[in-house]
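Listed below are the residues making up each chain.
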Amino acid sequence: MAPPATVIDDSLPKDVRPPVTSYAPSMWGDAFTSFSFDNKVQEKYAEAIQELKQQVRSMLMTKGSTTIEKLILIDTLERLGVGYHFEQEIEDQLREIFRFQSQDTEQDNYDLFTTALQFRLLRQHRYLVSCDVFNKYMAEDDKFEETLTSDAKGLLSLYEAANVRIHGEDVLEDAVAFTTHHLKRMMQQLEPLLQCQVKRALEQPLHRGVPRVEASHYISFYERNELKNEMLLKLAKLDFNYLQNIYKKELHDLSRWWNELDLISKLPYARDRLVECYFWGATFHFQPQHSYARIEITKSVQMLTVMDDTYDNYATLEEADLFTEILEKWDINEIDRLPDYMKIIYKFILNLYEDYEVEAAKQGKLFAVPYAKEAVKQIAKAYNRHTQWFLGEQMPTYEEYLVNTIITSCIYVFLTVGIPGLKSISKESIDWLMSEPNKALIASTRVCRHANDIGSDERESRGGNIPTAVDCYAKQYGVSKEETVDKFNELLENAWKDFNTEWSTEISTISKDMMEQLLNYARAAEVNYRNGRDAYANPQKIAGQIAAVFMDPIVI
């Protein structure tokens, strides 16, 4: 999508720096640089996991299981974080459930918990099942039956199902309000384990959560469940620690790379957020085989953070223009035209993509290189456009601003940079990604944009000195700041419904892996910016979630 052209006002003070925001240093210190990877421990984990996987696979393939038993087992495996080991088996079973659901007389007797569970699982696996299955729980006044208000497990299941809704599903819109109200009302009367599960769901709906974070929570819940299957619990714990060791090793290597670059001492205005960058990378690709993609996304997020802070937090308008022009040339011989501090950034970017090109050639993915470089050039132009608008006091229309944010969302950089490490991504995958309008991509970036604009408004306004997206919308539509925030929250919900629609209808094999990455992008954005928090700038707000996934092993 072509962003609007930048109109430069020559009367602007082009040599004045913006008010500089000072960011807290990294909160992680040397937590990962001191990690020592133990191959023997990892091998023991791998052997135990392999043995348990065979037993669980037998459970999945057991003949004579009821549909309810299959659904509960699939849901348990996925929520424990081990569903990825059994992707094909799970897909086969859900496909069969979907095909024969109209003939399954067992479903007539489903309670609310089971009806909602089946609906959610099928939707999450991209089957566009009808929400009419919930009509049987409606009274004559088109409201949910009062008898449901005491069914905590059913309400929780319905609440999670309602978060995969699409546009026009009024019954699920009503379900969000109905379940939220009654779950909050009965919270204190619930037994402790269910109370914890309800509290977590209200804080973070499952479909919108980061899978590894949700797995860490669910393992804790499942361990306290009297009906737990000890074999599933052991597999989940072993697998969690096995993956965590891989993450620690990657963070160890990344920390050494970042410390050797020593960019933050040279560019003190920029955020040092390597571990938080890795959180994005691991959200995109958590599986053990995707190490390259995780590492390269981490490096690219930190690169983009430095670029964003340069444009937004330090460069003069003149310097911003010059850097954008030089980056477009992508030529090291142009470097001497830049100020000294920008030379550091320029060399950093070119070196990253020189390594990228080498790896792409090794993996037979050279087709991705021009797209990857172009994504960086485009984001520089978009950052510059934003700088000229907001620091240069050339307030755009909100619609112009929103078009530009498709680029500043960083999605094109994220989705191209990991390609050499992803066997399934082809030239056709990139063509699909770049197709216009790509409704799934737009919806995913809108989730990030609306949540981010609410969460970062206070920081980006520099104490009210710099106009923000909230100011832009409020001024254009003549509404208050509070009304604007309410509108952005509404737009955020609409973006999720847009994405859920595409998730269930854009089902070509070419787009599958890209669609999963777009979903995980929206999830990472939701977790970082949910409920007005600006967790990327202030990572202590999600430090507990990061530590749970990357630092704290589960006791076995």
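Since the model is a prediction, treat every value here as computed from it, not as a measurement.

When the UniProt feature table is mapped onto this chain, "domain: Terpene synthase metal-binding" (unreviewed entry) is found at residues 259–498. Segment residues 259–498 splits into 72% helix and 0% strand. End C-alpha atoms: 41 Å apart.

It is possible for side chains bearing opposite charge to pair when their charged atoms get close. Under the definition given, this model contains 34 salt bridges. For the salt bridge of E230 with K228, the shortest nitrogen-to-oxygen distance reads 4.0 Å. Note on K228: relative accessible area 24%, which makes it partly exposed. The partner of K427 in a salt bridge is D431, and the shortest N-O contact between them spans 3.0 Å. You can see K427 and its partner D431 sitting in helix α18 (residues 427–434), 4 residues apart, about one turn around the helix. D431 gets classed as partly exposed once you look at its relative accessible area, which sits at 36%.

A few words on the layout of surface pockets. Gaps left between atoms show up when a probe the size of a water molecule is rolled over them. Put simply, the largest pocket is a space of about 1,400 Å³. Around the largest pocket sit 45 residues that line it, and E87, H125, W503, K512 and E516 are the ones nearest its centre. Among the secondary structure elements, those contributing two or more residues to the lining of the largest pocket are α2 (67–79), α3 (87–100), α4 (112–124), α8 (211–223) and α23 (512–529). Per element, the largest residue contribution to the lining of the largest pocket is 7 residues, and it comes from α23. For the lining of the largest pocket, the class distribution of residues is 14 nonpolar, 16 polar and 15 charged. The wall of the second largest pocket is formed by 38 residues, among which I72, T76, F113, Y218 and N225 lie closest to the centre. Elements supplying a minimum of two residues to the lining of the second largest pocket: α1 (39–60), α2, α4, α5 (152–162), α7 (192–203) and α8. Here the element with the most residues in the lining of the second largest pocket is α2; it accounts for 8 residues. Classifying every residue of the lining of the second largest pocket by side-chain character gives 17 nonpolar, 9 polar and 12 charged.

Moving on to the packing of aromatic side chains. Applying the stated rule across the entire model yields 33 aromatic pairs. Aromatic pair F284 and Y521: ring centres 6.3 Å apart, planes at 65°, arrangement edge-to-face. Taken together, the residues span a long stretch of sequence, with F284 in helix α11 (residues 274–284) and Y521 in helix α23 at a distance of 237 residues. The pair formed by F284 and Y521 is uniform in burial state, with each residue classed as buried.

The rules we used
- Residues numbered from 1 in each chain as written.
- Predicted model: local features only at pLDDT ≥ 70, side-chain atom pairs only at ≥ 80, totals over all residues.
- Heavy atoms only, no water.
- UniProt positions renumbered as here; feature names shortened; annotations may be inferred.
- Helix = DSSP H or I, 4+ residues; strand = E, 2+ residues; numbered from the N terminus.
- Salt bridge = Lys/Arg side-chain N within 4 Å of Asp/Glu carboxyl O.
- Buried < 20%, exposed > 50% of the residue type's maximum accessible area, 1.4 Å probe, protein only.
- 1 Å grid on protein atoms, 1.4 Å probe; cavity = no way out; pocket = protein on both sides within 12 Å on 5 of 7 lines; lining within 4 Å.
- Points joined across faces, edges and corners; volume = space filled by probe spheres on them.
- Nonpolar A, V, L, I, M, F, W, Y, C, P; charged D, E, K, R; others polar.
- Phe/Tyr/Trp six-rings, centres within 6.5 Å; stacked < 30°, edge-to-face > 60°.

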